[in-house]
Amino acid sequence: MTVYGSFPGSRPRRLRTTPAMRRMVAETRLHPADLILPAFVREGVSEPVPIGAMPGVVQHSLDTLRKAAVEAREAGVSGIMLFGVPEDAKKDAAGTAGIDPDGILQVAVRAVKEEVGDDLVVMSDLCLDEYTDHGHCGVLDADGRVDNDATLERYAEMAQVQADAGVHVVGPSGMMDGQVGVVRDALDTIGKEDVAILAYTAKYSSAFYGPFREAVASSLRGDRKTYQQDPANLRESLRELALDLEEGADMVMVKPAGPYLDVLAKVAESVDVPVAAYQISGEYAMVEAAAEKGWIERDKAILETLTGIRRAGAKMILTYWATEAAQKLARG
């Protein structure tokens, strides 16, 4: 074609010519320290139990959890978020195992702290769904509805036993109104002012949680739409954000990550506290399944999804690929 004068005057492709050039001008950089590893620990097992819907992810024994924590630390991952999976016989309507000082989550926190100390930020899921025989995130009233305020009382107790076990950060994830304030008061009352709160600020009622329910052996009947957020809403997340900050949240989270990047970006623009996003089980499973079929390039897809979450504003990303991705980033 005929080129007139200096047309085109602007050539953005000049900054894409080589890998070194693209690396130099990259606007978003993913680092191992941005990553947090969610990990499941199952009571009463001596070997890890594979999770069918999440290839490569397991329900850990205490021994393999210790090893996973060390591996994450050595890879440069910043934190580990622990989820306890109690024996079925210990589940009840009130989630009593969740407030037992010797419950599986508290035992796991102590085990990880013994192994890695303060070299890894040890976080704990603060919710009742793993411990209730009905699978909901709170206690139920006489009509079978989740009782918000009665649930808050249990959350306060959970926060205290998790803090006593040595956790650095608690993650109240049940989406009960007032949960952050109640947890903050409960921690401060026992002299645990240094334990931070990662608030699950915008946790949506998502179709992508399915594999997670296998991972925690959930007993859920029905759904969680009366307390988790409606996927159609954004402004509601900003209201939740304002409330969580007012109640004392140290960090805030959007969950899921990938389908809610617009929410994540809006939250990140609105606050001066660290923002996290949780790349959940369904997001993980989709990439693994498509890669197994040969439809996508697995390693590139993993890093692309994580970079997209980081670009949208997350400073911290909870992902089941945390250790693997950190190792890849370290290799360059």
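Look a little higher up for the structure.
Residues numbered from 1 in each chain as written. Predicted model: local features only at pLDDT ≥ 70, side-chain atom pairs only at ≥ 80, totals over all residues. Heavy atoms only, no water.

The next subject is the environment of Asp63. When you line up the elements, Asp63 lands in helix α2 (residues 62-75). Using a relative accessible area of 53% as the deciding quantity, one classes Asp63 as exposed. (Helix = DSSP H or I, 4+ residues; strand = E, 2+ residues; numbered from the N terminus. Buried < 20%, exposed > 50% of the residue type's maximum accessible area, 1.4 Å probe, protein only.)

It is worth spelling out helix α7 (residues 235-247) at this point. An ideal rise of 1.5 Å per residue puts 18 Å on 13 residues; α7 measures up with 19 Å between its terminal C-alpha atoms. The complete set of buried residues in α7 reads Ser237, Glu240, Leu241 and Asp244. Relative to the axis of α7, the buried residues are bounded by an arc of 105° and lie together on one face. More than 90 degrees from the buried face of α7, the exposed residues found are Arg235, Arg239 and Glu246. Looking at the buried positions of α7, the neighbouring elements they touch are α5 (179-189), β7 (196-203), β8 (251-255) and α8 (261-270). (Expected span 1.5 Å × (residues − 1). Arc of directions from axis to C-beta. Contact = heavy atoms within 4.5 Å.)

Right, let's get into the environment of Arg310. As for its position among the elements, Arg310 is in helix α10 (residues 298-311). In the structure, Arg310 is positioned 84 residues away from Thr226 in sequence and 30 Å away in space, judged by C-alpha atoms. In this structure Arg310 touches Thr28, Arg29, Leu30, Asp34, Lys315 and Ile317, once residues within four positions along its chain are discounted.

Counted by the stated rule, this structure contains 6 aromatic pairs. An aromatic cluster of at least three residues, connected via ring pairs, comprises Phe40, Phe83, Tyr278, Tyr284, Tyr320 and Trp321. (Phe/Tyr/Trp six-rings, centres within 6.5 Å; stacked < 30°, edge-to-face > 60°.)

With that out of the way, let us pick up the pairing of strand β1 (residues 35-42). Both faces of the sheet carry side chains from a regular strand, because those side chains alternate between them. Of all the 8 residues making up β1, 7 are buried; the element is thus mostly covered by neighbouring parts of the structure. Summarising the sheet, β1 and strand β10 (residues 316-318) pair through 2 bridges and their orientation is parallel. Residue Leu35 lies in a different strand from β10, and its bridge partner there is Ile317. The pairing of β1 with strand β4 (residues 79-85) spans 7 bridges and is classified as parallel. When the sheet's bridge partners are listed, Leu37 is paired in β4 with Ile80. As defined by bridge partners, β1 adjoins strand β3 (residues 58-60) across 2 bridges and the pair is classed as parallel. Bridge pairing in β3 places Phe40 opposite Gln59. (Pairing = 2+ DSSP bridges.)

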